[in-house]
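Chains, contacts and geometry: an overview
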Amino acid sequence: MASKQPLNIVKMKKMKSDGVPISMLTAYDYPSAQLAEEAGVDMILVGDSLGNVVLGYNSTIPVTMDDMVYHTRAVARGAEHTFIVADLPFMTYHGSLDESLRNVRRLMQEGHAHAVKMEGGAEIADTVKRIVQSGVPVLGHIGLTPQSVNQIGGYRVQGKDAADAERLMNDAKALEAAGAFAVVLELVTEETAAEISKALSIPTIGIGAGRYCDGQVLVYHDVLKYTSAYRDKRFVKTYADVGTIIREGISQYVKEVKEKSFPAEEHVFKAQSTHKPSTSLYGNEKEKVSLK
């Protein structure tokens, strides 16, 4: 993939004006990032969704900066020619500006991200502006914001009525004014997402936000059904069922170990026919004693 030229925020804005959709996928480790890059995704998001799909939490809230730096660094090694965005996790940009910038610095310097993602609208616009002024691209995220799931009453679709649609529009415009290079719209009604996409000069990236966003993002494990007891989601299309393939492959391995059919003849190494193990290795050679 050495010939692939990674996107930048200028190219993304041109893609919006040209009507070229932006493809984005999450990844959380080296092999998933490699495969995503080889498949041609425009952007990779190292999402704090790793808390749900990789670390086994029931929300994104327990995810730490150390978790994000660790996984972002692995993704950066696997996708050297792809634009990588990393999530700032729960409560890492709501304190002092100095603290927020320290956390941004970690994702950029230690994690090797190209940009950071921040959940929230007008209430975080000032922080977004200061981070952008420091030279860091920021991807906004409004609608369903998983870090605030306890406050908004669960995983609920946003923008269903006029007042909520207006709130989302104001949030999106505030993020654009603060310098965000794009905005993720999550679980937003298609009508509201379409209006926001028309109103902004920067791209919108939808997840469960309908057909009229400027790009789409999905979670790696949803696209590939890479989990046990997968729960279908209306806004997700699954393109492969690797979970079943993996489970069946491991089950076959266990079966062959139990019945002693693995390893077979073709899996073992043998000594050359003329080779004899040195008896000195096993202490069988008698020690020669000089009589002089």
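Described in the following lines is the structure provided in the data block. In this text the structure is predicted, and so the values were computed from the model without any measurement.

Scoring rules and cut-offs
- Residues numbered from 1 in each chain as written.
- Predicted model: local features only at pLDDT ≥ 70, side-chain atom pairs only at ≥ 80, totals over all residues.
- Heavy atoms only, no water.
- 1 Å grid on protein atoms, 1.4 Å probe; cavity = no way out; pocket = protein on both sides within 12 Å on 5 of 7 lines; lining within 4 Å.
- Points joined across faces, edges and corners; volume = space filled by probe spheres on them.
- Helix = DSSP H or I, 4+ residues; strand = E, 2+ residues; numbered from the N terminus.
- Nonpolar A, V, L, I, M, F, W, Y, C, P; charged D, E, K, R; others polar.
- Buried < 20%, exposed > 50% of the residue type's maximum accessible area, 1.4 Å probe, protein only.
- Contact = heavy atoms within 4.5 Å.

So, about the layout of surface pockets. Rolled over the atoms, a probe sized like a water molecule indicates the empty space that remains. In this structure, the largest pocket encloses a volume near 880 Å³. Along the wall of the largest pocket there are 32 residues; nearest its centre are Ser 49, Asn 52, Val 219, Asp 222 and Lys 233. Counting residues per element, the ones that place at least two in the lining of the largest pocket are α3 (50-53), β4 (115-119), β6 (182-186) and α10 (220-223). Residues belonging to the lining of the largest pocket are distributed by class as follows: 14 nonpolar, nine polar and nine charged. Reported here for the second largest pocket is a volume of approximately 470 Å³. In this structure, the second largest pocket is lined by 18 residues; those nearest its centre are Gly 208, Ala 209, Gly 210, Arg 234 and Phe 235.

Within the fold, Met 15 resides in helix α1 (residues 9-18). Its relative accessible area of 13% is what places Met 15 among the buried residues. The spatial distance from the C-alpha of Met 15 to the C-alpha of Pro 203 is 8.3 Å, given a sequence separation of 188 residues. Setting aside its immediate chain neighbours within four residues, Met 15 contacts Leu 7, Val 20, Pro 21, Ile 22 and Asp 42.

Turning to the side chain of Thr 189, a few remarks are in order. Locating Thr 189 in the fold gives a position in the loop between β6 and α9 (190-199). Not counting residues up to four positions away in its chain, the partners in contact with Thr 189 are Val 157, Gln 158, Gly 159, Lys 160 and Ala 209.

Spatial relationships are all this shows, so hold off on functional conclusions.
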